[in-house]
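# Coordinates in review
Listed below are the residues making up each chain.
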Amino acid sequence: MDAVKRYFRSPAAVAGLILLLIVIAMAISAGWFYPRDPLALAGRPLVWPFSNPRFLLGTDNSGRDIAAQIFYGARISLLIGGVATAIAILIGILVGAFAGYYGGWVDNVLMRITEAFQTLPNFVLLLVLVAVFGSTLTTVTIAVGVVSWPAPARLTRAEFLSLRNREFVQAGRTLGMRNIQLIFGEILPNALPPVIVYASVVMAVAILLESALAFLRLSDPNVASWGNLIGLGRDVLRVQWYVSAIPGIAILVTVLAVSLVGQGLNDALNPRLKGR
Amino acid sequence: MRILSLAGRRLAASIPTLVLILIGVFLLLQFAPGDTVDAMMAQMGGGDAATAKELRKFYGLDLSIPAQLGNYLWRLVRLDLGFSSIYGKPVASVILERLPPTILLMTASLSFAFFFGLVFGVIAARGVNRWPDTLISTLGLIFYATPSFWFGLMAIVVFSVYLQWLPPGGFEDIGTVRTGIWRALDIASHLVLPTLTLGLIFLAIYLRIMRASMLEVLNLDYVRTARAKGLDETRVVTRHVLRNALLPMVTLIGLQAGTMLGGSVVVESVFSLPGLGRLAYESVVQRDLNTLLGIVFVSALLVITVNFVVDLIYARLDPRITAEG
């Protein structure tokens with residue numbers, strides 16, 4: 001309960017939480033405010049924001065409602081960000097736990113692979129994956145997850161290294177617990193908090209990666225995503241710059257909210273490290 | 001000499017990593033729909049199956065996958081990256097042409113981010129929890145959350161379309177022929193916006209790390225000694241604190257080298273710079289898998305090189321590292 005109190009004492013963390021809740025609310029309510037397909041033709045193209053009450057944020061090059069795309073885009077960003085983060089954290093925990101627990105050649109092999117993933121620029125690997133497996137919503141989400149796991153793996157490994165010889169683990173071993181039980185039942189729950197906090201960083205990066213991919217028109221073109229809209233707006237950037245500007249602000253706010261919440265959680269859970 | 005042997009050992013240790021990456025990506029690309037011959041046939045405007053078969057035989061594509069992999073690795077040892085059917089040139093020369101803009105862009109962005117990250121980090125740490133710190137930390141958070149390509153587009157709108165101060169893209173002005181210093185100035189003016197765009201997120205990271213590491217070092221005993229000795233605060237910071245506080249920043253350069261290279265893919269596309277990143281994007285769109293594999297190889301090499309240099313700098317900054325080695 002202390003941690004919750006500490007969290008709400010930080011104005012930045014509260015601001016982040018409010019922003020995040022707004023984005024989540026947008027994602028949930030998209031269907032109520034804009035029951036029609038956000039990618040369907042809605043009116044004349046390139047209507048400026050606030051000039052027509054029907055289209056509060058204007059329309060894009062092909063006459064689609066920008067506000068509707070922003071609301072539906074929140075769904076896509078949170079979905080891809082959330083699922084990709086879950087994938088990355090899951091792989092990271094598995095690799096890190098086995099490497100840290102067993103040590104020796106298992107550690108060597110797993111860390112070599114992790115190093116290989118870290119040496120290859122993750123956006124380049126993302127391009128390779130998209131080139132090979134195509135760019136549907138599912139493949140892009142998995143690809144973003146697959147390029148993001150090395151950092152959580154290293155973090156988990158470090159936690160396991162410091163925990164694996166503690167008394168409670170040795171006690172478990174004397175009781176005859178199997179390795180798998182020790183790893184997932186005893187050590188993992190203690191190693192988890194910093195990894196969960198780090199998930200916010202992974203999610204922020206995942207959202208940025210997907211939007212960059214969408215901007216380059218290498219993500220799924222059949223969904224209303226913020227990155228797609230920015231890429232579309234690039235064609236009319238010189239005069240109708242708002243088509244690109246508005247979704248960019250949405251991405252900025254979302255990523256900012258996720259990182260503020262993550263930092264708030266970190267400070268609340270590790271009060272001694274506050275301000276670092 | 002010890003520094004060199006230590007860094008050299010680290011370099012040798014990265015060779016298996018490089019081989020692992022190449023094997024992994026090579027096998028991955030076998031799943032890609034279509035091969036080089038398909039791309040060539042498409043460029044020629046189609047052809048019959050017999051020609052395709054002959055071409056596959058010519059390029060060794062009819063062999064088994066392990067044999068192809070062996071061939072590829074053996075050619076790599078001789079620095080032969082294969083042939084790009086899209087550009088009609090060896091992949092190595094295509095990449096070599098595109099390398100200078102990327103290296104220039106990365107160096108410029110890194111210097112920008114490192115220098116201003118350091119300055120802002122020091123300012124924030126010296127006024128911790130007062131308004132300069134709050135302002136700088138908030139800006140850092142916002143920069144961190146800004147998608148680089150979006151910042152680039154908005155910078156083009158403001159500085160190229162409305163103010164018309166800077167060119168909106170390209171590497172140099174191709175309309176007029178310039179030489180010497182004028183050409184350098186022209187290229188520099190084309191690189192201002194891309195440098196800011198790519199450097200922004202790293203500026204945010206560096207200033208945060210610098211602030212944290214300054215705060216940590218400022219509390220150490222030897223700093224108290226320096227102050228007790230009667231040194232003024234500026235001298236304490238520049239002569240005593242900075243050198244130790246810089247260590248995490250230098251580590252970060254090595255860790256972020258790959259991220260920066262990845263970021264240049266996007267930034268080069270925004271500003272249509274003819275660099276390695278744009279080549280990576282083009283080769284994905286055009287399905288030029290040979291070139292893509294070559295880029296993977298070169299970018300991994302680049303990251304390993306940066307880490308080698310970082311090791312050298314690190315050992316120079318902190319003599320304890322070599323003493324342990």
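Higher on the page you've got the structure.
The rules behind each value
Residues numbered from 1 in each chain as written. Chains lettered and ligands numbered in written order. Predicted model: local features only at pLDDT ≥ 70, side-chain atom pairs only at ≥ 80, totals over all residues. Helix = DSSP H or I, 4+ residues; strand = E, 2+ residues; numbered from the N terminus. Buried ≥ 20, exposed ≤ 12 C-beta atoms within 10 Å, placed from the backbone. Contact = placed C-beta atoms within 7 Å. Axes fitted to C-alpha atoms, helices over the stretch in contact; angles between N-to-C directions. Parallel < 35°, antiparallel > 145°, perpendicular 65-115°, else oblique. Left-handed = near helix turned anticlockwise from the far one by under 90°. Nonpolar A, V, L, I, M, F, W, Y, C, P; charged D, E, K, R; others polar. Expected span 1.5 Å × (residues − 1). Core = buried A, V, L, I, M, F, W, Y, C linked by C-beta atoms within 7 Å.

### Here's the deal with the overall build of chain B
Helix and strand counts for chain B stand at 13 helices and 2 strands. For chain B, the spread of C-alpha atoms along the principal axes amounts to about 85 × 55 × 40 Å. For chain B, the residues scored as buried account for 37% of the 325 residues in total. In chain B, 73% of the contacts between residues at least 6 apart in sequence involve partners at least 24 apart.

### So, the overall build of chain A
Scanning chain A from terminus to terminus reveals 11 helices and 0 strands. Reading chain A from its N terminus to its C terminus gives the helix and strand order α-α-α-α-α-α-α-α-α-α-α. Seen along its three principal axes, the alpha-carbon backbone of chain A occupies a region of about 75 × 45 × 30 Å. Per-residue burial over chain A gives 49% buried out of 276 residues. For chain A, the share of sequence-separated contacts (at least 6 apart) that also reach a separation of at least 24 residues comes to 68%.

### A look at the packing of helix H5 (residues 91–126) of chain B against helix H6 (residues 131–145) of chain B
Residues and elements named next belong to chain B. Viewed as axis vectors pointing N to C, H5 and H6 meet at an angle of 140°, and their least axial separation amounts to 7 Å. When the axis of H5 is compared with that of H6, the two are oblique. Where H5 crosses over H6, the two elements pack in a sense that is left-handed. Of the residues in H6, those touching H5 at Phe-120, Ile-123 and Ala-124 are Pro-132, Asp-133, Ile-136 and Ser-137. Classifying every residue of the contact of H5 with H6 gives 5 nonpolar, 1 polar and 1 charged.

### Concerning the interface of chain A and chain B
Facing the 37 residues of chain A at the interface are 43 residues of chain B. Among the secondary structure elements, those contributing two or more residues to the side of chain A that touches chain B are helix H4 (104–119), helix H5 (122–133), helix H9 (179–215) and helix H11 (242–269) of chain A. The biggest single contributor to the side of chain A that touches chain B is H11(A), with 9 residues. Its residues assigned to classes, the side of chain A that touches chain B shows 25 nonpolar, 7 polar and 5 charged.

### Re H4(A)
If you check H4(A), its first and last C-alpha atoms are 22 Å apart, about what 16 residues at 1.5 Å a residue would give, namely 22 Å. Those residues of H4(A) that fall on the buried side of the exposure criterion are A:Leu110, A:Thr114, A:Ala116, A:Phe117 and A:Thr119.

### Some points on H11(A)
End to end, H11(A) covers 40 Å across 28 residues, agreeing with the expected 40 Å (1.5 Å per residue, within 8%). Summarising burial for H11(A): 21 of the 28 residues are buried, a large majority.

### Some words on the environment of A:Leu19
All names here are of chain A. The residue Leu-19 is located in helix H2 (residues 11–33) in this model. Along the chain, Leu-19 and Thr-254 lie 235 residues apart, while their C-alpha atoms are 7.3 Å from each other. Apart from residues lying up to four places away in sequence, Leu-19 is in contact with Val-253, Leu-256 and Ala-257.

### Let's talk about the environment of A:Ala74
Residues and elements named next belong to chain A. Along the polypeptide, Ala-74 turns up in helix H3 (residues 66–102). Remark: the alpha-carbon pair of Ala-74 and Tyr-101, spanning 27 residues in sequence, is separated by 39 Å. If we ignore the near neighbours within four places in the chain, the residues touching Ala-74 are Val-23, Met-26, Ala-27 and Ala-30.

### Comments concerning the nonpolar core
Among the nonpolar cores identified, the biggest contains 156 residues, and A:Val124, A:Leu126, A:Leu127, A:Val130, B:Ala280 and B:Val296 are the most heavily contacted of them. Residue contacts for A:Val124: discarding those within four places in its chain leaves B:Leu261, B:Gly262, B:Val265, B:Ala280, B:Ile295, B:Val296 and B:Ser299.

### Quick look at the packing of H11(A) against helix H7 (residues 148–162) of chain B
Remark: H11(A) packs on H7(B), axes separated minimally by 10 Å, with the N-to-C direction vectors making an angle of 145°. Where H11(A) crosses over H7(B), the two elements pack in a sense that is left-handed. In contact with A:Ser244, A:Ala245, A:Gly248 and A:Ile251 of H11(A), H7(B) contributes B:Trp150, B:Leu153 and B:Met154. Residues that form the contact of H11(A) with H7(B) fall into these classes: 5 nonpolar, 2 polar and no charged.

### With respect to unusual backbone geometry
Notably, A:Arg217 is not glycine yet its phi reads approximately 60°, a positive angle. By the element assignment, A:Arg217 lies in the loop between H9 and helix H10 (226–233). We note that B:Ser272 has phi near 40°; this positive angle belongs to a residue other than glycine. Topologically, B:Ser272 is positioned in the loop between helix H10 (233–270) and helix H11 (276–285).

Structural measurements only, silent on function.
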